[in-house]
Amino acid sequence: MDTGNLGESILAKWCHQVDLIPNRVTVDKDGWDFLVALPLTYNNDIKSLDKDDSHDRTLIQVKTTTKERGNRNIKLSNLKKLVDAPIPAFYLLIQVDEDGEPVKAHLFHVWKEIIAKVQEKIRIIPKDKWNRLNNYRLALPWEIAEELTSLNGLALKRIILNNLTNTKKSYSEKKYLLREKVGYEGETGQIHFQGKLPDKYNDDIEAFMVDLYLGEVDKVEVYDWEVTDKRFGHEIVVNKQEGGHFSLTNIEPVGPATIKFLTEDHRSSVEISTEYYIPTGIGQIVKNEKKWKVLYKAPFIKFSIYPKGGRIDFLFDVPDFRIEAKLSELVDITNLMLFFDELNSTEKVIFHISNNGDPFIGGKITFKNYKEKLPLEYFKSIKSANTILNYLNLKTDISINPNELRSQVNRLSFLNNLLSPNLTKIRFEFSTDNELSKYSKTIILYPLSLTIGEYLLPIQLLIQGVPTKTGKIDGNQLFYKLETNTIGIEQYRILSKINDDPKIAHEDMREASMKKYDIDGVMVLYNDEKIR
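Below or above, wherever it landed, is the structure these notes cover.

Criteria and thresholds
Residues numbered from 1 in each chain as written. Predicted model: local features only at pLDDT ≥ 70, side-chain atom pairs only at ≥ 80, totals over all residues. Heavy atoms only, no water. Phe/Tyr/Trp six-rings, centres within 6.5 Å; stacked < 30°, edge-to-face > 60°. Helix = DSSP H or I, 4+ residues; strand = E, 2+ residues; numbered from the N terminus. Buried < 20%, exposed > 50% of the residue type's maximum accessible area, 1.4 Å probe, protein only. Pairing = 2+ DSSP bridges. 1 Å grid on protein atoms, 1.4 Å probe; cavity = no way out; pocket = protein on both sides within 12 Å on 5 of 7 lines; lining within 4 Å. Points joined across faces, edges and corners; volume = space filled by probe spheres on them. Contact = heavy atoms within 4.5 Å. Axes fitted to C-alpha atoms, helices over the stretch in contact; angles between N-to-C directions. Core = buried A, V, L, I, M, F, W, Y, C linked by side-chain atoms within 4.5 Å. Nonpolar A, V, L, I, M, F, W, Y, C, P; charged D, E, K, R; others polar.

The description of an aromatic ring pair uses the distance of the two centres, along with the angle that the planes make with each other. Within the structure shown, the criterion is met by 18 aromatic pairs. Ring geometry for F314 and F340: centres 6.2 Å apart, planes at 85°, overall edge-to-face. Of the two residues, F314 is situated in strand β17 (residues 311-316) and F340 in helix α7 (residues 327-341); the sequence distance between them amounts to 26 residues. By the burial criterion, F314 is buried, and F340 matches it. Ring geometry for F321 and Y378: centres 4.4 Å apart, planes at 10°, overall stacked.

Below is the structure:
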């Protein structure tokens, strides 16, 4: 009995019973028998088809046996290809009777258990045998087998889709992380070196080792050093050198964290998104628990907590506003500096820290001397620019010129205030040769243009209400004031700073709005004077 072709025919039949499309591999050298196309399913949350990220295919290798748990030994070369594939992969084990009819079937998802077995096995294979992985075999772990409740396509499809709960991108990323992280759950390696401690540590080896494993030591002068990598308990030397300098770089964070500062009277608060770092693997060296610290890092900000030492270190850098920077990287330091500006010199601030969304620690802290010489106009313009781009659904990870923003601080701040949910009345003063008391309502169209990074933004505001005379007259010009909170963005355009001219956009917006609001009893004015 040709069990190989028999099993493949059974799978093809089951696929044809439902809306699965079995694409058989003509030359089986890539580790799978079928590339199975999945039915189209769209997430209800997506607004347009170009944003679709649903699964559309999976790989299936078929194994046929006359015993329920038989024939589960797979070539390592085959397994590694399915582990490395970014899309979902499965093994289908079909048990047939003496007549070739299916009796039972089990599906094995190539996920954590199989990935771990493969990565652990290839960890110890000598380099001269890497091209002969087909000489090694691993058994599919029976504990993860999912039995088809009925021998047909519906049961097969149900198990496949139940394992594909993530989007295509998130599934691929999670599979990659499993492949890279599995086996490092315990000790991940060692560093052996002889050298001289930097002077600032005053021979405090424990403090030095904590900072080293947090990536806070730039470089150390050493006589010789060796770095090992330990995975699944198997340790290998990954780097070795005599003399020179040594440092640990690319330290990965444990996860996301947030730090929230709040005034005691709750009048003001700020929340910073950070990543947190913990020095791991040095428990045999650092015995004094007071030396251990958790480090929180965001652009321009460092915050260290010594949970057992009762100590907090807070450091920040004011950005160099002479050079361009990513707007998104300036947001946290900007919000923090504006928060500082509202504090009294001796005022205590409540803080709460959460790691991975879970509360970690809190307390009170006093920020002293942080308000001195703060370049507030820069920070105000940066905060306003970020608010405006978010309102317009534009990306904020763009390069901006801080001096260019600062030169627009009045316009940016004005528009930022208009977008506030707690907008109070504004006072608008203007002049016209019209007697506005004859109209039930006055609408003022106010044009302004902003340049934020690559964006050129012609904006037209609409201000409406019933103005009153100030008493001032200059020739035929009557002066009015209007106090209102009925003001907002009526139209805007998104243009290129390099290629476009805002004048044409303003003319088009003006013409459209003058026609729109040409109503009896309503006066429409177009005002391009400065707002006061």
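What follows covers the pairing of strand β11 (residues 234-242). In this structure, strand β10 (residues 220-231) lies alongside β11, joined through eight bridges in antiparallel fashion. In the sheet register, T228 faces β11, and the bridge partner there is V237. Hairpin connection of β10 to β11: two residues between the antiparallel strands, including F232 at a positive phi of 55°.

This part takes up the layout of surface pockets. Here the largest pocket defines a volume of roughly 1,200 Å³. Around the largest pocket, the lining is made up of 33 residues, and of these Y184, T188, N250, E252 and T280 lie nearest the centre. Those elements that place two or more of their residues in the lining of the largest pocket are α5 (168-181) and β10. By residue number, the principal contributor to the lining of the largest pocket is α5, which donates five residues.

The next thing to look at is the sheet that holds strand β6 (residues 102-109). Reading across the sheet, the six strands line up as β1-β2-β3-β5-β6-β8 and stay open at both edges, with mixed pairing between neighbours. The two strands at the open ends of the sheet, each matched to only one other strand, are β1 (21-24) and β8 (146-147). In terms of strand pairing, β6 meets β8 through two bridges, oriented antiparallel. Considered in β8, the bridge of L107 is made with E146. Strands β3 (57-65), β5 (89-96), β6 and β8 of the sheet are contacted by helix α4 (residues 153-162), whose axis makes an angle of about 15° with β6.

So, on to the environment of D204. Here D204 shows up in the loop between β9 (191-195) and α6 (205-213). Between the alpha carbons of D204 and W14 there is a distance of 68 Å; along the sequence they are 190 residues apart. Apart from the residues lying within four places of it in its own chain, the contact partners of D204 are L197 and K291.

This next bit is on the nonpolar core. Residues F261, F340, I452 and L457 are the most contacted members of the largest nonpolar core, which totals 65 residues. The dominant element in this core, judged by the number of residues it contributes, is α7, at eight residues.

The subject of this paragraph is unusual backbone geometry. Positive phi, normally seen in glycine, also occurs at F300, with a value near 75°. As for its position among the elements, F300 is in the loop between β15 (294-298) and β16 (301-306). Judged by its relative accessible area of 29%, F300 is partly exposed.

All told, the structure shown has one cavity of 30 Å³ or more when counted by the stated rule. Empty space within the largest cavity amounts to approximately 30 Å³. Looking at the largest cavity, the residues that line it are L79, I114, K117, V118, L138, A139, L140 and P141. If you list the elements that add at least two residues to the lining of the largest cavity, you get α3 (112-123) and β7 (137-139). With three residues, the single largest contributor to the lining of the largest cavity is α3. Taken together, the residues of the lining of the largest cavity break down into seven nonpolar, no polar and one charged.

Right, let's get into the sheet that holds strand β22 (residues 426-432). If you trace the three strands from one edge of the open sheet to the other, you get β22-β26-β25, paired in antiparallel fashion. The open sheet has two edge strands with one neighbour each: β22 and β25 (468-474). Direction aside, the axes of adjacent strands within the sheet are offset by 20° on average. Both β25 and strand β26 (residues 477-484) contribute to a ladder of four bridges, which runs antiparallel. From the neighbouring strand, K469 faces β26, where its bridge partner is Y480.

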